[in-house]
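Below, each chain spelled out in residue letters.
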Amino acid sequence: HGPVTVAETLFAFSLASALMAITPGVDTALVLRTAAAEGPARAALVCLGIVCGCLTWGATVALGLGALLQAYPPAFEAIKLAGAAYLSWLGLKLLLVGRVNAAGKTGTRRQGVIACMRRGYVTNVLNPKAGLFYMSFLPQFVHPSMPATSFTLILAGLHAIISLAWFVLLTAFTRSVARVLQAPPVILWLDRIMGTLFLMFGMKLALEHG
C-alpha cells in the first residue's frame, strides 16, 4: 500500500471527529438543555456559537498559538480556571435563578440572539478540553503534501461541520418530544440536572492537574 492520500486523511479525520462529536460533554449538555427548555431556534444560535468557538481553536492551532500555549503552562492554566469558573457560574445560575418565562423578558430579539451565541462560544473557548483536542489532534492529520496552516484550517472547518450536524440531530430529537420537555415541572428538573452537571464539570476542571 502506497502513501496515504489527502482523501484518505480527510476520511480518517472525519470518522475520528464524528466519534468525538457524539461523546457526551459540556457542549452536548448545553445544546440539549437549550433545545429542551428554550426551543430549537435558541439552540441553533448556541450551536453556531459553539462552532465559532471550534473555529477559534482551529485558527489558534493553525497560526501556531497553540504551541505557545503548550509551551507556557500559566497561560493554559488561566484558561482552565476561567473555564471552570464559567461552567460553575452556569450551573449555579440554573440551580438558583430558575428559568424566566420568555413572554416576560424585556430584552430585544437582537440581545437574545447575541446572548445565545455568546453562551455557546464562551463555553467552548473557555473549555481547555476543546483546546487540547485541537492542539494534539489536528497536527496528527496534517498531510505532508499540503501547507500546514491552510490544511489545519480545513480540518477545523470539517470538524465544525460534523459537530454542527450532530447538534442538529440532537435538536431535532428534543423537538419531537418538545411538548413533554417544555412542561414547567420537567423544565425545573432539567435545570436542576443540567445545573448539577455544569457544576461537576467546573469542579472537575478546576481540580485537574496538567
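Below is a short write-up of the structure.

1. Examining the overall build of the protein chain
Alright, step 1. Helix and strand counts for the protein chain stand at 10 helices and zero strands.
Alright, step 2. Its helices and strands in sequence order give the protein chain the pattern α-α-α-α-α-α-α-α-α-α, from N to C terminus.
Alright, step 3. Contacts spanning at least 24 positions in sequence make up 84% of the contacts within the protein chain whose residues lie at least 6 apart.
Alright, step 4. Surface accessibility of the protein chain: about 11600 Å² in total, with carbon and sulfur atoms responsible for 73%.

2. Notes on the environment of Gly39
Alright, step 1. Looking at the element boundaries, Gly39 is found in the loop between α2 (26–38) and α3 (40–62).
Alright, step 2. Judged by its relative accessible area of 7%, Gly39 falls in the buried class.
Alright, step 3. On a C-alpha basis, the gap between Gly39 and Thr174 in space is 8.6 Å, while along the polypeptide they are 135 residues apart.

3. What about the nonpolar core?
Alright, step 1. The biggest cluster of nonpolar side chains holds 37 residues, and the ones touching the most others in it are Trp57, Tyr134, Phe137, Leu138 and Phe198.
Alright, step 2. Sorting the residues of this core by element identifies α1 (6–22), α2, α3, α5 (73–97), α7 (128–137), α8 (148–176) and α10 (184–207) as the ones contributing at least two each.
Alright, step 3. When residues no more than four places from it in sequence are discounted, the contact partners of Phe198 are Val26, Ala29, Leu30, Leu87, Ser88, Leu90, Gly91 and Leu94.

4. Some points on the side chain of Thr60
Alright, step 1. As for its position among the elements, Thr60 is in helix α3.
Alright, step 2. Excluding residues that lie within four positions of it along the chain, Thr60 makes contacts with Leu65 and Gly66.

5. Side note on α8
The α-helix advances 3.6 residues per turn, and as a result positions three or four apart in sequence lie on the same side.
Alright, step 1. Here α8 contains 29 residues, and its C-alpha end-to-end distance of 43 Å stays within 8% of the 42 Å for a straight helix at 1.5 Å per residue.
Alright, step 2. Turning to α8, its buried residues number three or more, namely Phe151, Thr152, Leu155, Ala156, His159, Ala160, Ile162, Ser163, Phe167, Leu170, Thr171 and Thr174.

6. Considering the packing of aromatic side chains
Alright, step 1. Overall, the coordinates contain six aromatic pairs when judged by the stated rule.
Alright, step 2. Taken together through their ring pairs, the aromatic side chains of Phe13, Phe133, Tyr134, Phe137 and Phe141 make up a single cluster.

7. Section: the pattern of salt bridges
Alright, step 1. Tallied over the entire structure, the rule returns two salt bridges.
Alright, step 2. Here Arg33 makes a salt bridge to Glu38, at a shortest N to O gap of 2.5 Å.
Alright, step 3. A relative accessible area of 7% places Arg33 in the buried class.
Alright, step 4. Glu38 sits in the partly exposed class, given a relative accessible area of 21%.
Alright, step 5. Residues Arg119 and Glu38 are paired through a salt bridge, measuring 3.2 Å at the closest nitrogen-oxygen approach.

8. Considering the environment of Cys52
Alright, step 1. Locating Cys52 in the fold gives a position in helix α3.
Alright, step 2. As for Cys52 and Asn124, which are separated by 72 residues in sequence, their C-alpha atoms are 8.6 Å apart.

9. Some details on α1
Alright, step 1. Spanning 17 residues, α1 covers 25 Å between terminal C-alpha atoms, matching the ideal 24 Å at 1.5 Å per step.
Alright, step 2. If you check which residues of α1 are buried, you get Thr9, Phe13, Ala16, Ser17 and Ala21. The buried residues of α1 all sit within an arc of 140 degrees when viewed along its axis, so they share a single face. Among the exposed residues of α1, those pointing more than 90 degrees away from its buried face are Ala7, Phe11 and Leu19.
Alright, step 3. Against the buried residues of α1 lie α2, α7 and α8.

10. Some thoughts on the packing of α2 against α8
Alright, step 1. Taken N-terminus to C-terminus, the directions of α2 and α8 make an angle of 35 degrees; their axes are 9 Å apart at the nearest point. Regarding α2 and α8, the two cross each other, and that crossing is right-handed. Judged by residue contacts, Asp27, Thr28, Val31, Leu32, Ala35 and Ala36 of α2 engage Trp166, Phe167, Leu170, Thr171 and Thr174 from α8.
Alright, step 2. Counted by class, the contact of α2 with α8 contains seven nonpolar, three polar and one charged residues.

Cut-off values and rules
Residues numbered from 1 in each chain as written. Predicted model: local features only at pLDDT ≥ 70, side-chain atom pairs only at ≥ 80, totals over all residues. Heavy atoms only, no water. Helix = DSSP H or I, 4+ residues; strand = E, 2+ residues; numbered from the N terminus. Contact = heavy atoms within 4.5 Å. Areas by Shrake-Rupley, 256 points an atom, 1.4 Å probe, with all protein chains shown as cover. Buried < 20%, exposed > 50% of the residue type's maximum accessible area, 1.4 Å probe, protein only. Core = buried A, V, L, I, M, F, W, Y, C linked by side-chain atoms within 4.5 Å. Expected span 1.5 Å × (residues − 1). Phe/Tyr/Trp six-rings, centres within 6.5 Å; stacked < 30°, edge-to-face > 60°. Salt bridge = Lys/Arg side-chain N within 4 Å of Asp/Glu carboxyl O. Arc of directions from axis to C-beta. Axes fitted to C-alpha atoms, helices over the stretch in contact; angles between N-to-C directions. Left-handed = near helix turned anticlockwise from the far one by under 90°. Nonpolar A, V, L, I, M, F, W, Y, C, P; charged D, E, K, R; others polar.

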